Amino acid sequence: MIPKSARRRNRIVWFVVAAALAVPSALATVAAVALVWASSTVERLGEPTPEPVARSITLPGRDGVGGDDAGASAHLDIHLEDGVFEVRPGPPGSDIRVDGTYASKYYDLVHDHTPAARPTGRVVTVRLARARSLLVQLVAHAMERAPSTPNELTVTIPRDTPFSVDLTIRAGESRVDLGGLSLTDLAVDLAMGEHRLDVSEPLAVAPRSVRLDGGMGEIRFERLGNTRATELQASGHMGSVTVDLGGAWPAAAMADVTINNLMGELRLEAPAGLRLVGAAPDSPVPDADGSAADRRGADPGAPALRLRISNTMGETRLTRY
């Protein structure tokens with residue numbers, strides 16, 4: 001006769017075996033159901049025909065009506081993903097504009113102006129985000145129902161309105177020019193793809209802080225001196241990162257610039273007349289190459305940067321021009 005303890009052990013063993021066989025089968029069933037649902041959703045949505053868009057966000061005071069928050073400070077939140085994007089300055093007195101095309105069956109385009117209590121001021125949002133789940137997006141690509149660049153949008157920012165700006169581009173390709181804008185703060189996150197951010201002319205308002213984050217891909221930050229910031233951070237994670245330090249840095253004070261890169265090539269470009277000083281013994285200024293590398297040091301009265309550079313895994317090169 002089998003003891004009770006042995007029978008209990010046998011029941012436990014059989015239970016474990018049954019569970020081990022049932023779980024993969026259940027997961028496979030769930031996966032199959034999810035794929036069927038995603039495929040039927042894609043079939044129902046059909047081709048992602050690009051929808052033209054031409055929209056304006058009128059700020060208080062632009063239309064002649066002041067409102068309670070006219071003249072208050074404003075925060076501009078731009079979040080874009082999956083496409084080819086351009087952000088550029090617009091003429092003084094203009095509205096915030098969103099122009100181009102987007103795949104409306106798969107993406108939501110939200111633009112909003114939210115009055116807010118002082119001192120935080122107004123909040124303006126321009127957001128293009130996925131309207132479908134990631135699984136539906138993947139199945140659409142597999143079924144060739146979604147083009148590789150389904151969205152092409154241009155966001156125009158008026159030059160004469162002071163904004164603190166959060167700009168996020170999650171995936172795709174972008175060309176960003178912030179030259180001449182009135183920025184009180186600037187935070188940029190370029191997550192994946194090929195991105196170029198340029199400050200083509202000095203900002204009308206020098207921001208309190210500037211943070212530029214590059215993710216994975218080819219990232220280029222150009223003419224950062226035109227931000228006129230006294231504190232600036234730029235970073236990359238994986239790929240190629242180029243940081244151009246040219247532009248109109250403040251001449252009266254030394255600006256603090258921190259540049260971090262996790263993996264890949266970090267290329268610094270700086271005018272010959274710009275003074276570069278290591279911020280710490282463990283973060284010296286790298287040796288320079290280029291056409292201006294053999295010239296004498298910069299004028300002691302020239303703008304100066306206190307550099308803190310870190311490249312965890314990769315090569316760091318400085319080119320003087």
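Up top is the structure.
Residues numbered from 1 in each chain as written. Predicted model: local features only at pLDDT ≥ 70, side-chain atom pairs only at ≥ 80, totals over all residues. Heavy atoms only, no water.

A.B. asks: Where do I start with the overall build of the protein in this structure?
C.D. replies: When you go through the protein residue by residue, the secondary structure sums to two helices and 17 strands. Per-residue burial for the protein yields a buried fraction of 40% across its 321 residues. Split by element, the accessible area of the protein, about 16,100 Å² in all, is 56% carbon and sulfur. (Helix = DSSP H or I, 4+ residues; strand = E, 2+ residues; numbered from the N terminus. Buried < 20%, exposed > 50% of the residue type's maximum accessible area, 1.4 Å probe, protein only. Areas by Shrake-Rupley, 256 points an atom, 1.4 Å probe, with all protein chains shown as cover.)

A.B. asks: It is not clear to me how unusual backbone geometry should be interpreted in this structure. Could you clarify?
C.D. replies: Of all residues except glycine, most have a negative phi; of all peptide bonds, most are trans. The phi torsion at Arg223 lies on the positive side, around 50°, for a residue other than glycine. Positive phi values are uncommon outside glycine, yet Arg228 reaches one of about 60°.

A.B. asks: I tried to follow the environment of Pro150 on my own but got confused; where do I start?
C.D. replies: Looking at the element boundaries, Pro150 is found in the loop between helix H2 (134–142) and strand S7 (152–158). Considered as a pair, Pro150 and Tyr102 are 48 residues apart in the sequence and their alpha carbons are 6.2 Å apart.

A.B. asks: Just to check I follow, could you spell out the pairing of strand S8 (residues 163–169) for this structure?
C.D. replies: Successive side chains on a regular strand alternate, one facing one side of the sheet and the next facing the other. For S8, the buried fraction is high: six of the seven residues fall into the buried class. As paired strands, strand S2 (residues 74–80) and S8 are joined by seven bridges and run parallel to one another. In the strand pairing of S8, Asp77 is matched with Asp166. For S8 and strand S10 (residues 183–198), the ladder comprises seven bridges, and the chain directions are parallel. Residue Phe163 lies in a different strand from S10, and its bridge partner there is Leu183. (Pairing = 2+ DSSP bridges.)

A.B. asks: What is the right way to look at a nonpolar patch on the surface in this model?
C.D. replies: On the surface, a cluster of nonpolar side chains totalling about 530 Å² of accessible area is made up of Met192, Met216, Met238, Leu262, Met263 and Met313. You can call Met313 exposed: its relative accessible area is 51%. (Patch = residues over 30% accessible without salt bridge, like charges linked within 9 Å, V, L, I, M, F, W, Y side chains within 5 Å. Salt bridge = Lys/Arg side-chain N within 4 Å of Asp/Glu carboxyl O.)

A.B. asks: How should I be thinking about the pattern of salt bridges in this particular structure?
C.D. replies: Working definition: two side chains of opposite charge can pair if their charged atoms are close together. Throughout the structure, instances matching the rule amount to 18 salt bridges. A salt bridge links Arg175 to Glu173; the shortest N-O distance between them is 3.7 Å. The salt bridge involving Arg208 is made with Asp185; its shortest N-O contact spans 2.7 Å. Taken as a pair, Arg208 in the loop between S10 and strand S11 (210–222) and Asp185 in strand S10 lie far apart in primary sequence, 23 residues in all. Judged by relative accessible area, Arg208 falls into the exposed class, the value being 60%. Several salt bridges converge on common partners, so that one network encompasses Arg196, Asp198, Arg220, Glu222, Arg223 and Glu269.

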